[in-house]
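Listed below, chain by chain, are the residues.
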Amino acid sequence: MPISEFRRKKLLYVFHVFFDVNQSGTIDKKDFELAIEKICSSRGWASGSEQYKKTYNSMITIWEGLKQRADANNDGQVSVEEWAQMWDEYSRNPDNALEWQNQYLRFMFDLEDASGDGSIDVDEFTSVCSCYGLGAAECREAFQKIAQGKKEVTYDQFASLWKQFFTSENASDPGNFIFGKTQF
Ligand SMILES: [Ca+2]
Ligand SMILES: [Ca+2]
């Protein structure tokens with residue numbers, strides 16, 4: 001069965017906004033290097049600092065895992081089709097996620113939880129999504145949707161919302177907003 005239009009829109013959004021950082025139309029190592037720079041400069045983590053090294057190592061590990069799994073023709077690039085295919089497979093069995101998918105989930109949660117207290121609040125969420133170029137007002141609205149009336153989102157809640165993002169066909173499910181966009 002082909003991927004629904006709704007899920008395809010979500011997958012392409014994450015591809016273009018969170019992964020293809022240099023907007024070349026494919027994902028490769030350069031995108032990850034740019035993302036590392038963006039994240040670290042927005043946090044004020046100087047190159048060589050512990051936080052910089054940690055971010056660098058996590059991101060490069062995620063890239064290596066993604067490339068190994070999705071880069072079918074081995075050209076060092078992940079295309080939109082390779083990307084959509086991989087997440088479609090995920091949606092059929094989300095409890096059996098790939099290693100890099102779990103690493104990326106954990107990485108994003110830890111990045112957003114800037115205070116390190118084990119949950120994300122609206123300012124923490126907005127600060128990370130803004131770093132990827134999203135408008136602050138929409139991020140704040142998206143957070144209200146995912147938090148469903150609460151002030152914070154814990155890791156377990158985040159992980160289940162995340163799964164919903166990649167699997168849900170229902171536009172009103174809260175997980176659809178976990179990447180800061182309020183409609184697809
Ligand atoms: Ca790119
Ligand atoms: Ca926090």
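Before going into details, it helps to say that this report is about the structure given with it. (Residues numbered from 1 in each chain as written. Chains lettered and ligands numbered in written order. Predicted model: local features only at pLDDT ≥ 70, side-chain atom pairs only at ≥ 80, totals over all residues. Heavy atoms only, no water.)

## Observations regarding the coordination of the calcium ion (ligand 2)
Then comes step 1: Looking at the calcium ion (ligand 2), the protein donor atoms are Asp113 (OD), Ser115 (OG), Asp117 (OD), Ser119 (O), Glu124 (OE) and Glu124 (OE), and they sit 2.2 to 2.6 Å from it.
Then comes step 2: Metal-centred angles of 51 to 158 degrees between the six donor atoms at the calcium ion (ligand 2) mark the site as irregular.
Then comes step 3: Along the chain, the residues donating to the calcium ion (ligand 2) are arranged with the sequence spacing D-x1-S-x1-D-x1-S-x4-E. (Donors = N, O, S within 2.8 Å, 3.2 Å for Na, K, Ca; no water. Tetrahedral: all angles 85-135°; square planar, octahedral: opposite > 155°, others 65-115°.)

## Thoughts on the pattern of salt bridges
Then comes step 1: Using the criterion set out here, one finds 11 salt bridges in the structure.
Then comes step 2: Among the ionic pairs, Arg8 bridges to Glu81, the shortest N-O distance being 2.6 Å. In this pair, Arg8 is assigned in helix 1 (residues 5-19) and Glu81 in helix 4 (residues 80-92), connecting sequence segments 73 residues apart.
Then comes step 3: Asp88 is paired through a salt bridge with Arg92; the nearest N and O atoms lie 2.7 Å apart. Linking Asp88 with Arg92, this pair stays in helix 4, spanning four residues, or about one helical turn.
Then comes step 4: Residue Asp88 is classed as buried on the basis of its relative accessible area, which comes to 6%.
Then comes step 5: Owing to a relative accessible area of 57%, Arg92 belongs among the exposed residues under this scheme.
Then comes step 6: One continuous salt-bridge network, built from bridges that share partners, spans Arg7, Asp88, Arg92 and Glu169. (Salt bridge = Lys/Arg side-chain N within 4 Å of Asp/Glu carboxyl O. Helix = DSSP H or I, 4+ residues; strand = E, 2+ residues; numbered from the N terminus. Buried < 20%, exposed > 50% of the residue type's maximum accessible area, 1.4 Å probe, protein only.)

## Brief notes about helix 7 (residues 136-147)
Then comes step 1: If you check helix 7, its first and last C-alpha atoms are 16 Å apart, about what 12 residues at 1.5 Å a residue would give, namely 16 Å.
Then comes step 2: On its buried side, helix 7 packs onto strand 1 (119-121), helix 6 (122-131), strand 2 (152-154) and helix 8 (155-167).
Then comes step 3: Gln148 occupies a position one or two residues after helix 7 and carries a positive phi of about 50 degrees. (Expected span 1.5 Å × (residues − 1). Contact = heavy atoms within 4.5 Å.)

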